[in-house]
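This is what each chain is made of:
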Amino acid sequence: MCIEVDRVSKRYILRKIKGWTRLEWQKIEALKGVSFKVEPGRALALIGPNGAGKSTMIKLLCGILSPTQGSIKVLGMDPFKDRSRLAYRISSVFGQRSQLWYHLPPIDTFQLLGRIYDIDRTELKKRMKELVELFDLSSFLYQPVRKLSLGQRMRCEIAAALIHNPEILFLDEPTIGLDVVARSMVIDVLKDLNRSKNVTIILTSHDTSDIERICEDVIVLNEGRIVLESKIREMRKNFFHSKIIEVEFSEPINDLNLPPGARVIDQNGSIVRLEVDLKTCDVNEVVSRIVTYNMVRDITIQDPPLESIIHHIYLSGYPAGREAERNAQVDG
Ligand SMILES: Nc1ncnc2c1ncn2[C@@H]1O[C@H](COP(=O)(O)OP(=O)(O)OP(=O)(O)O)[C@@H](O)[C@H]1O
């Protein structure tokens with residue numbers, strides 16, 4: 001195992017000033033007895049609604065914070081106590097924070113990091129060349145960071161995080177604010193790092209397409225607890241109780257005569273979207289009814305978006321999420 005988290009809790013204590021003289025202390029339980037393990041080379045997404053404890057977990061794993069209770073091992077080390085030793089073997093990217101020098105070009109940060117990590121000159125040159133090619137940085141490598149677009153800056157951030165060849169990369173919202181093209185490039189590189197270079201990835205993101213494209217495993221946090229720990233594939237299987245059918249009819253349609261369990265969720269002229277509840281209705285039956293009684297130009301069957309499952313899991317809360325998963329497994 002490269003990460004072992006054992007019954008970890010994290011409490012923040014906030015000092016609040018009340019009136020002129022009175023001080024009040026507020027305790028915030030950000031994590032409550034969280035345990036999980038990660039094998040080397042995996043890509044794990046930590047997801048959950050705002051305030052669920054995702055960033056706190058990442059900060060604990062990087063050694064920025066220490067747990068109030070429980071223990072954490074990253075590559076066999078205590079991240080808080082062995083932070084400087086561990087720094088040579090892990091790296092982190094926080095979407096909302098930068099490790100690049102704002103008024104200097106990215107190349108200067110790369111060289112500085114090379115010194116910090118004791119990388120010899122030839123090796124550093126080779127490494128920078130690889131990263132510049134990988135992230136296509138050559139056209140703005142010598143421009144001050146303040147003049148870069150968000151997408152260019154983010155590519156430099158991730159490149160900087162990889163300069164010392166880390167075994168584990170922690171990413172907190174790495175694609176926040178990026179446009180489609182920049183996002184796609186970042187995702188492809190992260191996927192490649194994980195699949196072909198075996199870098200372990202721990203990622204938090206509110207974007208389900210990032211999660212699906214990069215990660216195989218997912219942990220859902222809610223109010224500081226693990227609500228669900230699963231493979232993304234399994235999560236889809238266990239929580240999908242419906243299918244979406246999109247039909248394009250040859251002419252606008254009025255009545256579809258659907259069986260119980262199937263309902264129209266959207267209609268735009270001759271294009272109709274239906275949801276089929278798989279517990280009460282067979283998707284084949286719905287399709288065969290539609291094509292038997294109507295002139296159909298095109299028909300597609302899709303799973304509902306991952307977002308809708310995640311929403312469902314958040315709503316079910318703790319421990320109902322686990323209960324739902326167990327029931328789904330029993331249902332087969
Ligand atoms: N430095 C801090 N001091 C006090 N409370 C904090 C601190 N950092 C986080 N918290 C609180 O801890 C809880 C968990 O916060 P955390 O940032 O880990 O959640 P998150 O899942 O990353 O949320 P988001 O998706 O909004 O980034 C929240 O209630 C938050 O207000």
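All of these numbers come straight from a predicted model, not from anything done at the bench.

Definitions and cut-offs
- Residues numbered from 1 in each chain as written.
- Predicted model: local features only at pLDDT ≥ 70, side-chain atom pairs only at ≥ 80, totals over all residues.
- Heavy atoms only, no water.
- Helix = DSSP H or I, 4+ residues; strand = E, 2+ residues; numbered from the N terminus.
- Buried < 20%, exposed > 50% of the residue type's maximum accessible area, 1.4 Å probe, protein only.
- Contact = heavy atoms within 4.5 Å.
- Areas by Shrake-Rupley, 256 points an atom, 1.4 Å probe, with all protein chains shown as cover.
- Lys, Arg positive; Asp, Glu negative; His and termini not counted.
- Charge placed at Lys NZ, Arg CZ, Asp CG, Glu CD.
- Pairing = 2+ DSSP bridges.
- Axes fitted to C-alpha atoms, helices over the stretch in contact; angles between N-to-C directions.
- Near = heavy atom within 4 Å.
- Polar contact = N/O pair within 3.5 Å; in protein donor to acceptor, adjacent residues only side chain to side chain.
- 1 Å grid on protein atoms, 1.4 Å probe; cavity = no way out; pocket = protein on both sides within 12 Å on 5 of 7 lines; lining within 4 Å.
- Sits in = over half its atoms within 2 Å of the grid points.
- Nonpolar A, V, L, I, M, F, W, Y, C, P; charged D, E, K, R; others polar.
- Points joined across faces, edges and corners; volume = space filled by probe spheres on them.
- Parallel < 35°, antiparallel > 145°, perpendicular 65-115°, else oblique.
- Left-handed = near helix turned anticlockwise from the far one by under 90°.
- Arc of directions from axis to C-beta.

Visitor: Can you walk me through the overall build of the chain in this structure?
Guide: On a plain count of helices and strands, the chain comes out with eleven helices and 13 strands. When the backbone C-alpha atoms are referred to their principal axes, the chain occupies close to 70 × 55 × 45 Å. Counting all 332 residues of the chain, 45% fall into the buried class. The long-range share in the chain, meaning contacts at least 24 apart out of those at least 6 apart in sequence, stands at 69%. Here the chain displays about 17800 Å² of accessible surface, and carbon together with sulfur accounts for 49% of that area. Computed over 47 positive and 44 negative side-chain charges, the inter-centroid distance for the chain is 9 Å.

Visitor: What's the story with the sheet that holds strand β4 (residues 69-74) in this structure? I'm lost.
Guide: Sheets are built from strands that pair by backbone hydrogen bonding, the pairs being arranged parallel or antiparallel. Here three strands make up an open sheet; going across it, the order is β2-β1-β4 and the pairing antiparallel. Each edge of the open sheet is held by one strand with a lone partner, namely β2 (22-38) and β4. Taken over all neighbouring pairs, the strand axes of this sheet differ in orientation by 35° on average, direction set aside. Note that strand β1 (residues 3-18) and β2 share 13 bridges and pair antiparallel. Pairing of V8 across the sheet is with V34, part of β2.

Visitor: What should I look at first to understand the site of the ligand in this one?
Guide: The ligand sits among 13 residues. The nearest are G51, G53, K54, S55 and T56. Within the side chain of Y12, one N or O atom sits 3.5 Å away from a nitrogen atom of the ligand. Note that an oxygen atom of the ligand is positioned 2.7 Å from one of the side-chain N or O atoms of K54. Calculation on the ligand without its partners gives an accessible area of 630 Å², and the protein chains cover 63% of this total. Put simply, the ligand lies in the second largest pocket. Elements supplying a minimum of two residues to the shell around the ligand: β1, β2 and α1 (54-62). Take the shell around the ligand: its biggest share by element is three residues, from α1. Residue classes in the shell around the ligand are distributed as six nonpolar, six polar and one charged.

Visitor: Is there a simple way to think about the layout of surface pockets in this case?
Guide: To find the voids left in a structure, one rolls a probe of water-molecule size over its atoms. Roughly 380 Å³ of internal volume is contained in the largest pocket. In this structure, the largest pocket is lined by 14 residues; those nearest its centre are I64, R83, S92, F94 and Q99. Considering every element that reaches the lining of the largest pocket, the biggest residue donor is strand β5 (residues 90-94), with five residues. Partitioning the lining of the largest pocket into residue classes produces seven nonpolar, four polar and three charged. Roughly 300 Å³ of volume is contained in the second largest pocket. Around the second largest pocket, the lining comprises 19 residues; the ones closest to its centre are K54, S55, K59, D172 and E173. A total of four residues in the lining of the second largest pocket trace back to one element, the largest contributor, which is α1.

Visitor: Please clarify how the packing of helix α3 (residues 106-116) against helix α5 (residues 150-161) should be interpreted in this entry.
Guide: A pair of packed helices can be characterised by two numbers: the angle between their axes and the separation between those axes. Where α3 contacts α5, the axes come no closer than 10 Å and their chain directions differ by 15°. Comparing their axes, α5 and α3 come out roughly parallel. Both α3 and α5 take part in a crossing whose hand is right-handed. Touching P106, F110 and L113 of α3 are C156, A159 and A160, all from α5. Looking at the contact of α3 with α5, its residues break down into six nonpolar, no polar and no charged.

Visitor: Help me understand the pairing of β5, please; the structure alone is not making it clear to me.
Guide: Counting buried positions along β5 gives four out of five residues, so the element sits mostly inside the fold. Bridging between β5 and strand β6 (residues 168-172) involves five bridges; their strand directions are parallel. Pairing of F94 across the sheet is with D172, part of β6.

Visitor: Would you mind going over helix α9 (residues 283-293) with me for this structure?
Guide: For the α-helix, the turn length of 3.6 residues means that residues three or four positions removed from each other point alike. Among the residues of α9, V283, V286, V287 and I290 are the ones counted as buried. Each buried residue of α9 sits inside an arc of 95° when the element is viewed along its axis, so together they form one side. Opposite the buried face of α9, at more than 90 degrees from it, the exposed residues are N284, T292 and Y293. The elements touched by buried residues of α9 are β10 (242-249), β11 (262-268), β12 (271-277) and β13 (296-302). A side-chain oxygen of the first residue of α9 lies 3.2 Å from the backbone nitrogen of N284; this N-cap is D282.

Such coordinate-based values are descriptive only and should not be taken to indicate function.
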